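Report on the structure
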Amino acid sequence: MNALVPLPVLLPLCATGLSLAFGTRLGRFQRFISVAVLSAVLALSVILMIAADRQGPLSVHLGDFAPPLGITLVADRLSGLMLTVSSAITLCVLVYSLGQGMTDRDKETPLAVFHPAYLILVAGVSCTFLSGDLVNLFVGFEIMLVASFVLLTLGGTGPRMRAGSTYVIISLFSSMLFLTAIAMTYAATGTANFAQLAGRLADLPIGVQTLIQALLLTVFAIKAAVFPLAAWLPDSYPTAPAPVTAVFAGLLTKVGVYCMLRTETLLFPGNRIGDLLMAIALASMVIGILGAVAQTDLKRLLSFTLISHIGYMVFGIGLATREAYGGAIVYVAHHITVQTTLFLVAGLIERRGGTTELTRLGGLTRAAPMLAVLFFVPAMNLAGIPPLSGFIGKLGLMRAGVADGGGWAWLLVAGSAATSLLTLYVVAKVWNLAFWRAAPPGQAVAGTVLESGDDSDDDTDAGPDRIHGTGDEGVATPRPAGEAVAATLHERAVITTVRLPRPMIAATAATVAIGLAFTVFAGPLTAFTDRTAAEILRRTPYVQEVLGR
C-alpha cells in the first residue's frame, strides 16, 4: 500500500508530458488524458484515506534514502482527507472548463496550455499534502506557483496580466521567507524532515523556536490569505477565468491552512501563540465579511467572504484542542467544496447575464431556475444554515470555544456568530439583486454568454441587446441549442447560445452534491475528523511511521 503514496504526484506530472506532446493536434485525446488522470488520482486518494484510517500513516522514502537525505512522502488521515476532497473538486472544475470550452478558445498561444498547467497545479497540490519535509513542501509551493501564473494570465488581457504580476510578486516574497525559514531550521537542527524536527525543535532555545514558528506561520498565512496578509486576493482571483478562480479560491488557500495545521501540531505543540492566532482569526472574520458587505461585484464579494471564513479555520488552530482541530478540519473540507461551487456559479451567472456586477443583474430565478437552485444551496451552506455542513463545522468550533472558556475564545464565539449572520445578509443581497428582482433594462440575452468584453477596464453600463445582421433591437432571437449567436450586452460584444452548457451545469451540480454529502454523512465525517484530530495531536504515529521506531 505504501507504494501508492507517490502516485497522486507522479500521475499528473507524467500526464503533463503527454498533454504537451499532443497539444492541439489531438484535442480530444488531451482532454481524455486530463479527465482519466484526475479520476485515477481521486480513486487513489480515497484508497489512501481509507488505508490511513484503518492502518495508520503510510510513508515512502523516494530512492530508499533515509531521512534527512531522502524525499519523504507521508499519507495520514489529514493528508488523505485533503487529497480526496481536493481531487474531487479539481475533477469537477476540469469538467466545467471543458463545458465552457476555454481550452479550445486559446488561439493566441501555440499550445493548448490549460491542460498541462492544470495538471501541474494538481501535482503541486498533491505534493504539498503528502510532503514529509520542509524542502519538499517548498517544492510543492513552487510547482503551484508556476502553474498558477499560467492559469491566472490565460488570454493575456491587461487586468489578468496585472493581477498575475501581483500574485507572483506576493508569492515570490513568501517563497523568500520560506527559504529563510528552511535555512534557519536546518542550521539549528541539521534536518528539514518533519518527523525528526518533531523531536529536535523542542531542544532549541525558546527564542529560536518562536522565530522559526513565526516565519513559517507568516509564509502559510500569506498562502492562506489570512488578514492582514490577504490584500492581494480580491484583486488577483476575480480577473481569472471562472474555473481558474474557482479552484484557486476553493483549494489553494486551504493549502496554506493545511500547512498551518500540520506545523502547529507536529512541530510546535503547546500552543504558545494561541492568543495571537485567535486575534488574527477574529480580525479575518470581521474585516473580511465587512469587505464583502461593501461589494457589488459578485466575484469580489465572494473573495472577501473567502478571507472572512479562513478566520474560522484559524480559530480552530488557535484553540489547539482536539474538538477545535476536529471542527477546523470539517470546516476546511466544507469550505473547499462550497467556495469552489459559488465561484463556479458566478461563472455561470457571468455566462448567462454577461456580467457579475450585481447592479446590472436580475430576473435569473425566472430566466434560469436551475442556476438559482445551484446558487441557493451552497449560499445557505456558506451562511451556516442548519443542518448543512457549514453549520456543523461552525457549531463544532463554537462548542470548542465555549469549552475553552478563555476571553479570546468567547470573543471568537461571538465573532463567529456575527460573521455567520453577516454572511447570510451578503448571500441574501446577492439573491435579491441577481435572482429575485426583475431584470433591469438591457439585461435579457437568450442563453449563455460564451465570450464577452468583461475583461476590459471599461465598465460602461446600459445598452440594448442587438443581434447583428437581423435588425432586431432589444430582444435576442431564439436559436437552436448550441448555435452561436452574435449580440451586444451592456454595449459589449458577446456570443451566446440558447442554453447553459450541460457539462458546466453537471460539474456545478456535482460540487453542490458533494457539499450536501457532507451533511448527509455528517456522523461518519465528524467521527473521522475527530480521529484525525486525535492522531495529529499525538504525533507519535506519524513519527514512528517515518523513522521506523
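Source: prediction; values computed, not measured. (Residues numbered from 1 in each chain as written. Predicted model: local features only at pLDDT ≥ 70, side-chain atom pairs only at ≥ 80, totals over all residues. Heavy atoms only, no water.)

1. Things to note about the overall build of the chain
When helices and strands are tallied, the chain shows 20 helices and seven strands. Across the 549 residues of the chain, 59% fall into the buried class. Here the analysis covers contacts within the chain between residues at least 6 apart in sequence; of these, 79% occur between residues at least 24 apart. (Helix = DSSP H or I, 4+ residues; strand = E, 2+ residues; numbered from the N terminus. Buried < 20%, exposed > 50% of the residue type's maximum accessible area, 1.4 Å probe, protein only. Contact = heavy atoms within 4.5 Å.)

2. Let's talk about the packing of aromatic side chains
We describe a pair of aromatic rings using the distance from one ring centre to the other and the angle between the two ring planes. Taken as a whole and judged by the stated rule, the model has 14 aromatic pairs. On the basis of an interplanar angle of 80 degrees and a centroid distance of 5.0 Å, the ring pair of Phe129 and Tyr258 is categorised as edge-to-face. Taken together, the residues span a long stretch of sequence, with Phe129 in helix H4 (residues 114–130) and Tyr258 in helix H10 (residues 242–266) at a distance of 129 residues. Its relative accessible area of 0% is what places Phe129 among the buried residues. Of the residues examined, Tyr258 reaches a relative accessible area of 3% and is grouped as buried. (Phe/Tyr/Trp six-rings, centres within 6.5 Å; stacked < 30°, edge-to-face > 60°.)

3. Some remarks on the confidence of the model for the chain
Overall, the prediction assigns the chain a mean pLDDT of 83, with 85% of residues at 70 or greater. Confidence drops under a pLDDT of 50 for residues 106–110, and excluding neighbours within four residues, the segment shows four contacts in the predicted structure. Low pLDDT (under 50) marks residues 446–491, which in the prediction has 132 contacts with non-local residues, meaning those over four places away or in another chain. (pLDDT = per-residue confidence, 0-100.)

4. A word on the pattern of salt bridges
Counting across every chain of the model gives eight salt bridges. The salt bridge partner of Arg262 is Asp76, with a shortest N-O separation of 2.8 Å. Taken together, the residues Arg262 in helix H10 and Asp76 in the loop between strand S2 (71–75) and helix H3 (77–100) connect sequence positions 186 residues apart. Neither Arg262 nor Asp76 differs from the other in exposure class; each is buried. The salt bridge partner of Arg322 is Asp530, with a shortest N-O separation of 2.7 Å. With Arg322 in helix H13 (residues 322–353) and Asp530 in helix H19 (residues 522–538), this residue pair connects regions lying 208 residues apart in the sequence. (Salt bridge = Lys/Arg side-chain N within 4 Å of Asp/Glu carboxyl O.)

5. Comments concerning helix H1 (residues 7–22)
Residues that lie three or four places apart on an α-helix share one face, since the helix turns once every 3.6 residues. With 16 residues, H1 should reach 22 Å at 1.5 Å per residue; the first-to-last C-alpha distance of 22 Å fits that figure. Residues of H1 that are buried: Pro8, Val9, Pro12, Ala15, Thr16 and Ser19. Projected onto a plane normal to the axis of H1, the buried residues spread over an arc of 140 degrees and lie on a single side. (Expected span 1.5 Å × (residues − 1). Arc of directions from axis to C-beta.)

6. As for a nonpolar patch on the surface
Nonpolar side chains collect at one region of the surface, where Phe227, Val286, Ile287, Leu290, Leu422 and Tyr425 lie side by side and expose about 480 Å² of accessible area between them. Elements supplying a minimum of two residues to the nonpolar patch: helix H11 (274–293) and helix H17 (407–436). Sorting elements by how many residues they give to the nonpolar patch places H11 first, with three residues. One can find Leu422 in helix H17. (Patch = residues over 30% accessible without salt bridge, like charges linked within 9 Å, V, L, I, M, F, W, Y side chains within 5 Å. Areas by Shrake-Rupley, 256 points an atom, 1.4 Å probe, with all protein chains shown as cover.)

7. Quick notes on the environment of Pro378
Within the secondary structure, Pro378 is located in helix H15 (residues 369–383). Here Pro378 falls in the buried class, since its relative accessible area comes to 4%. Put simply, Pro378 and Leu516 are 138 residues apart on the chain and 8.6 Å apart in space, counted from C-alpha to C-alpha.

8. Points about the side chain of Thr341
As for its position among the elements, Thr341 is in helix H13. At 2.7 Å, the side chain of Thr341 and the backbone oxygen of Thr337 are in polar contact. Setting aside its immediate chain neighbours within four residues, Thr341 contacts Leu374, Pro378, Thr508, Thr511 and Val512. (Polar contact = N/O pair within 3.5 Å; in protein donor to acceptor, adjacent residues only side chain to side chain.)

9. As for the environment of Pro8
Residue placement: Pro8 occurs in helix H1. For Pro8, a relative accessible area of 0% corresponds to the buried category. When the C-alpha positions of Pro8 and Val41 are compared, they lie 5.3 Å apart, and in sequence the two are 33 residues distant.

10. Quick word on unusual backbone geometry
Cis geometry marks the peptide bond from Phe227 to Pro228, where omega comes out at 5 degrees. On the secondary structure map, Pro228 appears in the loop between helix H8 (206–224) and helix H9 (233–236). The linkage connecting Pro386 with the following residue, Pro387, adopts the cis geometry, with an omega of 0 degrees. Tracing the chain through its elements places Pro387 in the loop between H15 and helix H16 (389–404).

11. Describing the environment of Leu397
Within the secondary structure, Leu397 sits in helix H16. Taking relative accessible area as the criterion, Leu397 reaches 0% and is therefore assigned buried. Spatially, the C-alpha atoms of Leu397 and Gly316 are 6.2 Å apart, while their sequence positions differ by 81 residues. Discounting chain neighbours no more than four positions away, the residues touching Leu397 are Tyr312, Phe315, Gly316, Leu319, Ala324, Gly327, Ala328 and Tyr331.

12. A closer look at the side chain of Ser59
Following the sequence through the fold, Ser59 ends up in strand S1 (residues 58–62). Among residues more than four places away in sequence, those in contact with Ser59 are Asn2, Leu73, Val74, Glu545 and Val546.

13. A word on helix H18 (residues 502–520)
Across its 19 residues, H18 extends 26 Å between first and last C-alpha, which sits within 8% of the 27 Å expected from 1.5 Å per residue. The complete set of buried residues in H18 reads Met504, Ile505, Ala507, Thr508, Thr511, Val512, Gly515, Phe518 and Thr519. In this structure, the buried side of H18 is in contact with H3, H13, H15, H16 and H19.

14. Quick word on the packing of H11 against H17
Where H11 meets H17, the closest approach of the two axes is 9 Å, and the angle between their N-to-C directions is 20 degrees. The angle between H11 and H17 falls in the class roughly parallel. Seen from above, H11 lies across H17 with left-handed handedness. Across from Asp275, Met278, Ala279, Ala281, Leu282, Met285, Val286, Ile289, Leu290, Ala292 and Val293 in H11, the residues of H17 making contact are Trp408, Ala409, Leu411, Leu412, Gly415, Ser416, Thr419, Leu422, Thr423, Tyr425, Val426 and Lys429. (Axes fitted to C-alpha atoms, helices over the stretch in contact; angles between N-to-C directions. Parallel < 35°, antiparallel > 145°, perpendicular 65-115°, else oblique. Left-handed = near helix turned anticlockwise from the far one by under 90°.)

15. Section: the packing of H3 against H18
Contact pair H3 / H18: the axes reach a minimum separation of 7 Å and the direction vectors enclose 160 degrees. With respect to each other, H3 and H18 are oriented roughly antiparallel. With respect to the hand of their crossing, H3 and H18 are arranged in left-handed fashion. Residues Val85, Ala88, Ile89, Cys92, Val95, Tyr96, Gly99 and Gln100 of H3 form the contact with H18, whose participating residues are Pro503, Met504, Ala507, Thr508, Ala510, Thr511, Ile514 and Phe518. Broken down by class, the residue content of the contact of H3 with H18 amounts to twelve nonpolar, four polar and no charged. (Nonpolar A, V, L, I, M, F, W, Y, C, P; charged D, E, K, R; others polar.)

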